[in-house]
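The residues making up each chain are set out below.
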Amino acid sequence: MNGTRILLIVGGGIAAYKCLELIRALRDRGACVRVVMTKAAMQFVTPLSLGALSNDKVYSDLFDLNDEQEIGHIRLSREADLIVVAPATANLLAKMAGGHGDDLASCVLLATDKPVLVAPAMNPKMWAHRATARNVELLKSDGIAFVGPAHGEMAESGEAGEGRLADLPSLLTAIDQQLQRQRAPTPAAGPATGPASGNLLRGKHIVITAGPTHEPIDPVRYIANRSSGKQGYAIAQAAAQAGATVTLIAGPTNLPDPAGVAIHHVETARDMLQSVRAALPADIAIFTAAVADWRVDVPADHKIKKNKGSSANAPALRLVENPDILQNIAKAKKDRPSLVIGFAAETQTNRLIEFAQAKLDKKGCDWIVANDVSVDADETSGANTAGVMGGVMGGDNNRVHLLTQEGIEDWPQMSKRDVARRLIKAIAKHIDGQTSLERKVGAS
Ligand code: C5P
């Protein structure tokens, strides 16, 4: 982030104080941070503290003659590499979606020609409100990137749900990704590990599932897994860069939405299946999601109370099997995409290919991408390996084997981005081969 200029717009929410930490972390990484705050934000954090940490003047008043003469809202909006809105309140999102410009923050957001990353934070009911959902959809279709909100306890006691400001590492990753995206060269055909070509998949519709699913136990607890969604998001991005129309159906992750991709956020396996079906027809479907195999048969309507000191009274969860989305689509009579690709994450390294082969046969898909997610699979990934699983789940690297009708390709360890690009190239090659075969048959 060395030398990058970030304009941070601080909205008026209880999470505004977390911006102090964000500014410090950005400056530690070499970024220059300039701060604009809304009037409401001043109720939660002072210009003095934001100014001290950013080492710059803090801007808040559209009608401050001195400020306007000194720099002006147009210059503020342009003299940045990236605009970050954190925390973005429901009101600020509504103003952005409606194109309002009645204060400095909204005028800057209207006037800017720079990428904007939004980190919402609000009460879960406000986030779930249809008006907010409509505004978010609108902003996403305008190309605004989002990070979070995350699940968790709210400042209001007893409230929990989706609405917390994304945590600091997620904010930093999202900011970094936005900055990298700007630096990335324009997609062009290149070697297997280079950027995916700009038109390899033009005219094709690809549906991709990614991330984990959350299966509720009660209104505040759920069953989940360690999937980060990084591999699926990288494939969605590479497919979009290759000119495809991409529908990404994502379980809960902390990743910003990839640019140029239609994304549907879902929670449970059943929601995911419904969304995949709604997204069809498609030419290609890639199932990277780590779908929960089981869900709680009847989740409790209210938070299950703990009977102190009595394990004997601990609730017994009756689990039932979730639908297998990949198998459903691969064996569908109607609307089956012509190429269906599954993923197989296994922890028994020496039986990886055997299990993947069995999955290929059982599920009826065309290809399987097999990867080893055992503890020692990747020590270089940067993921937290202190947990039960290894560095692949949550990490940035992957080592995969591609199983197709033609045989098995063992790919070396590479970043998930490069796995994505190489997979997109393999798909394009396969489609190209099919098309020329069809042409030959048609001509004979
Ligand atoms: O059976 P297993 O979970 O190992 O299969 C992995 C593959 O199947 C992945 O492609 C995953 O996305 C898909 N899958 C699915 N629905 C499920 C379980 C797995 O789509 N319920």
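Since the structure is predicted, the reported quantities are computational estimates derived from the model, not experimental observations.

Caption draft 1: Representation of the pairing of strand β5 (residues 116-120) within the structure. Counting buried positions along β5 gives 5 out of 5 residues, so the element sits mostly inside the fold. By the alternation rule, side chains of β5 split into Val116, Val118 and Pro120 and Leu117 and Ala119, which are all buried. Where strand β4 (residues 82-88) and β5 come together, 4 bridges link them in parallel fashion. Bridging from a neighbouring strand, isoleucine 83 pairs with valine 116 of β5. Bridge analysis of β5 against strand β6 (residues 145-146) gives 2 bridges, and the strand direction is parallel. Opposite valine 118, over in β6, you have phenylalanine 146 as the bridge partner.

Caption draft 2: Up close: the site of the ligand. Close to the ligand lie 13 residues; Phe287, Ala289, Pro323, Phe343 and Lys359 are nearest. In the environment of the ligand, an oxygen atom lies 2.6 Å from a nitrogen or oxygen atom belonging to the backbone of phenylalanine 287. A distance of 2.8 Å is found between an oxygen atom of the ligand and a backbone nitrogen or oxygen belonging to leucine 326. Isolated, the ligand exposes 440 Å² of accessible area, and the fraction of that covered by the protein chains is 86%. Put simply, the parts of the chain that give the shell around the ligand at least two residues each are α12 (325-330), β17 (339-346) and α13 (352-363). Among the residues forming the shell around the ligand, the class breakdown is 7 nonpolar, 2 polar and 4 charged.

Caption draft 3: Layout of the environment of proline 412. Its location among the elements puts proline 412 in the loop between β21 (407-410) and β22 (414-415). Among the residues examined, proline 412 registers a relative accessible area of 47% and is labelled partly exposed. Taking C-alpha positions, proline 412 is 7.3 Å from valine 400, a pair spaced 12 residues apart along the chain. Setting aside chain neighbours within four positions, we find proline 412 in contact with Asn398, Arg399 and Arg422.

Caption draft 4: Structural view of unusual backbone geometry. The peptide bond linking alanine 86 to proline 87 adopts the cis configuration, its omega dihedral lying at -5°. Looking at where proline 87 falls in the secondary structure, it is placed in strand β4. Residue proline 149 is reached from glycine 148 by a cis peptide bond, and omega for that bond is 5°. Tracing the backbone shows proline 149 in the loop between β6 and β7 (150-153). Phi at asparagine 55 takes a positive value of approximately 60°, unusual for a residue other than glycine. Tracing the chain through its elements places asparagine 55 in the loop between α2 (47-54) and β3 (58-59). A relative accessible area of 58% means that asparagine 55 is categorised as exposed. For aspartate 335, which is not a glycine, the phi torsion comes out positive at approximately 60°. You can call aspartate 335 partly exposed: its relative accessible area is 34%.

Caption draft 5: Inspection of the pattern of salt bridges at higher detail. Considering all chains together, one arrives at 18 salt bridges under this definition. Several salt bridges converge on common partners, so that one network encompasses Arg34, Asp56, Arg75 and Glu79.

Caption draft 6: View of a nonpolar patch on the surface. Residues Ile14, Tyr17 and Phe44 make up a contiguous nonpolar surface patch of about 320 Å² in total accessible area. Among the secondary structure elements, isoleucine 14 is positioned in the loop between β1 (5-10) and α1 (18-28).

Caption draft 7: Structural view of the side chain of threonine 253. On the secondary structure map, threonine 253 appears in the loop between β12 (245-250) and β13 (262-265). Given a relative accessible area of 19%, threonine 253 falls into the buried group. A polar contact of 3.2 Å, which involves the side chain of threonine 253, links it to the side chain of tyrosine 233. Non-local contacts of threonine 253, meaning those with residues more than four positions away in its chain, are made with Gly211, Pro212, Ser228, Gly229 and Tyr233.

Caption draft 8: A look at the sheet that holds strand β14 (residues 284-287). Overall, mixed pairing links the 8 strands, which are arranged β13-β12-β9-β14-β17-β18-β20-β21 in an open sheet. Edge positions in the sheet fall to β13 and β21, since each has one partner strand and no second. On average, each strand axis in the sheet is tilted by 15° relative to the strand beside it, whichever way the strands run. Against the sheet, α13 engages β17, β18 (367-372), β20 (400-404) and β21, with an angle of about 150° to β18.

Cut-offs used in this document
- Residues numbered from 1 in each chain as written.
- Predicted model: local features only at pLDDT ≥ 70, side-chain atom pairs only at ≥ 80, totals over all residues.
- Heavy atoms only, no water.
- Buried < 20%, exposed > 50% of the residue type's maximum accessible area, 1.4 Å probe, protein only.
- Helix = DSSP H or I, 4+ residues; strand = E, 2+ residues; numbered from the N terminus.
- Pairing = 2+ DSSP bridges.
- Near = heavy atom within 4 Å.
- Polar contact = N/O pair within 3.5 Å; in protein donor to acceptor, adjacent residues only side chain to side chain.
- Areas by Shrake-Rupley, 256 points an atom, 1.4 Å probe, with all protein chains shown as cover.
- Nonpolar A, V, L, I, M, F, W, Y, C, P; charged D, E, K, R; others polar.
- Contact = heavy atoms within 4.5 Å.
- Salt bridge = Lys/Arg side-chain N within 4 Å of Asp/Glu carboxyl O.
- Patch = residues over 30% accessible without salt bridge, like charges linked within 9 Å, V, L, I, M, F, W, Y side chains within 5 Å.
- Axes fitted to C-alpha atoms, helices over the stretch in contact; angles between N-to-C directions.

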